[in-house]
Amino acid sequence: MAGAKETKAKIKSVQNTQKITRAMEMVAASKMRRAQERLEYARPYAEKIRRTIRHMAHANLGSHTHPFLAEREVRRVALVVVATDRGLCGGLNINLFRRTLAEMRAWQEQGVEVELICFGHKGVSFFRRFSDLKADVTDLGDRPQMNDIIGAVKVALDDYRSESIDRLYLVSNEFVNTMTQRPSVMQVLPVTDSEQNEEVPSDWDYIYEPDPESLLEDFLVRYVESQIYQGAVENVACEMAARMVAMKAASDNAGEIIDDLQLQYNKQRQAQITQELSEIVAGAAAVS
């Protein structure tokens, strides 16, 4: 009977775990819907400012060439890696880390040094084993704010201005749909038009007030901040979707384990009853 009692205790334990995973699944689903709404609000601005900046790269700026628009020999690059603060979200972080390590190896094989700026506890704890971090940001929560990322962005911009780095990349998760989130690498600086599909006419220009130099400085800083903020917002939606899927899979697996344990318990109980009946019959036969 001890075996049946142990099995019954296991069933109870798995049932309690299943309750937790189901609750986490529902919480993640609710947060994912809100994160998707914020993502839909943030995407148009990030895409529009990216398009405008790429247009300005073709504009007539006279003799002024902003360092954020100028290509130079690549000796050192910076990767801004946006991971999550918490786990239990399937392979979301692992896939991102693999993509980041592949990107690091590709640059290092070319003799280019790599520095890292990490967002999220998981990214910070993982990449500290490989190199010193130039900057890190944690505890962004489910609603990242621009003020939370400005410090890390300033570190990257200062390094780029001083030519400590020659390129800046954003490595983050891209939200495709609830079931699909994929890691992506986007070049933030210098600004390129590699993703610009339309041809820019050669006989146009913007009207600058007060002058291109001061306008570009503020505009390009806002551009970099918006791209990294967009990565942080998108990562929250990816995290919640991945957690919802992972917790649903855990709940389903718990259900299968409970079914198997219940079948095992029934067999053990049946064997115990059969044994007790045999003992009663044997005892009655001995008395008679």
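In the block above lies the structure referred to throughout.
This write-up is about the structure you can find in this document. (Residues numbered from 1 in each chain as written. Predicted model: local features only at pLDDT ≥ 70, side-chain atom pairs only at ≥ 80, totals over all residues. Heavy atoms only, no water.)

1. Considering the overall build of the protein
Secondary structure summary: the protein contains five helices and five strands in total. N-terminal to C-terminal, the α/β element order of the protein is α-β-α-β-α-β-α-β-β-α. A compact globule built from 288 residues should have a C-alpha radius of gyration of about 19 Å, whereas the protein, at 28 Å, is more than 25% larger. Across its three principal axes, the protein shows a C-alpha extent of roughly 115 × 40 × 30 Å. For the protein, buried positions account for 43% of its 288 residues. A fraction of 79% describes how many contacts in the protein between residues 6 or more apart in sequence connect residues 24 or more apart. Within the structure as shown, the protein displays about 15800 Å² of accessible surface, and the carbon and sulfur contribution to it stands at 51%. In the protein, 36 positive and 42 negative side-chain charges are present, and the distance between their average locations comes to 10 Å. (Helix = DSSP H or I, 4+ residues; strand = E, 2+ residues; numbered from the N terminus. Rg over C-alpha atoms; globule rule 2.2 N^0.38 Å. Buried < 20%, exposed > 50% of the residue type's maximum accessible area, 1.4 Å probe, protein only. Contact = heavy atoms within 4.5 Å. Areas by Shrake-Rupley, 256 points an atom, 1.4 Å probe, with all protein chains shown as cover. Lys, Arg positive; Asp, Glu negative; His and termini not counted. Charge placed at Lys NZ, Arg CZ, Asp CG, Glu CD.)

2. Here's the deal with the nonpolar core
In this structure, F119, L168, V188, L189, V224 and I228 are the most contacted members of the largest nonpolar core, which totals 34 residues. Counting residues per element, the ones that place at least two in this core are α1 (2–56), β1 (76–82), β2 (113–119), β3 (133–137), α4 (146–161), β4 (167–177), β5 (180–189) and α5 (212–287). Per element, the largest residue contribution to this core is seven residues, and it comes from α5. Setting aside residues no more than four positions away along its own chain, V224 makes contact with V153, L157, L168, V188 and L189. (Core = buried A, V, L, I, M, F, W, Y, C linked by side-chain atoms within 4.5 Å.)

3. Focus: the environment of N16
As for its placement among the helices and strands, N16 is situated in helix α1. Residue N16 is classed as partly exposed on the basis of its relative accessible area, which comes to 34%. Separated by 143 residues in the primary sequence, N16 and D159 have C-alpha atoms spaced 51 Å apart.

4. Some details on the sheet that holds β1
Taken together, the five strands give an open sheet; going across it, the order is β3-β2-β1-β4-β5, and neighbouring strands pair in mixed fashion. The open sheet has two edge strands, β3 and β5, and neither has a second partner. Direction aside, the axes of adjacent strands within the sheet are offset by 20° on average. Both β4 and β5 contribute to a ladder of nine bridges, which runs antiparallel. Each residue of the ladder has a partner; that of F175, found in β5, is Q181. α4 contacts β2, β3, β4 and β5 of the sheet and is inclined by roughly 160° relative to β3. (Pairing = 2+ DSSP bridges. Axes fitted to C-alpha atoms, helices over the stretch in contact; angles between N-to-C directions.)

5. Observations regarding a nonpolar patch on the surface
On the surface, a cluster of nonpolar side chains totalling about 290 Å² of accessible area is made up of I273, L277 and I280. Looking at the secondary structure, you find I280 in helix α5. Under the relative-accessibility criterion, I280 is labelled exposed at 57%. (Patch = residues over 30% accessible without salt bridge, like charges linked within 9 Å, V, L, I, M, F, W, Y side chains within 5 Å. Salt bridge = Lys/Arg side-chain N within 4 Å of Asp/Glu carboxyl O.)

6. Topic: the pattern of salt bridges
In this structure the tally under the stated criterion is 16 salt bridges. Between E113 and R76 there is a salt bridge, with the nearest N and O atoms lying 2.5 Å from each other. With E113 in strand β2 and R76 in strand β1, the pair connects residues that are 37 residues apart, well separated along the chain. Exposure remark for E113: the relative accessible area of 47% places this residue in the partly exposed category.

7. A short note on helix α2 (residues 92–109)
With 18 residues, α2 extends 26 Å from end C-alpha to end C-alpha; this agrees with the ideal 26 Å at 1.5 Å per step. Listed in full, the buried residues belonging to α2 are L92, N93, L96, F97, T100, L101, E103, M104 and W107. End-on, the buried residues of α2 take up no more than an arc of 160°, which puts them together on one face. Away from its buried face by more than 90 degrees, α2 exposes R98 and E109. (Expected span 1.5 Å × (residues − 1). Arc of directions from axis to C-beta.)

8. Some remarks on the environment of V233
Position of V233 relative to the elements: it lies in helix α5. Separated by 60 residues in the primary sequence, V233 and N173 place their C-alpha atoms 10.0 Å from one another. Ignoring anything within four residues of it in the chain, the contact list for V233 reads R38, L39, A42 and P144.

9. Some thoughts on the packing of aromatic side chains
Describing an aromatic ring pair means giving the distance of the ring centres and the angle of the ring planes. This model, assessed by the stated rule, comprises seven aromatic pairs. Here F68 and Y160 contribute two aromatic rings whose centre-to-centre distance is 5.6 Å and whose plane-to-plane angle is 75°, an arrangement assigned as edge-to-face. Of this pair, F68 sits in the loop between α1 and β1 while Y160 sits in helix α4, and the two are 92 residues apart along the sequence. Like F68, the residue Y160 is buried in the burial classification. (Phe/Tyr/Trp six-rings, centres within 6.5 Å; stacked < 30°, edge-to-face > 60°.)

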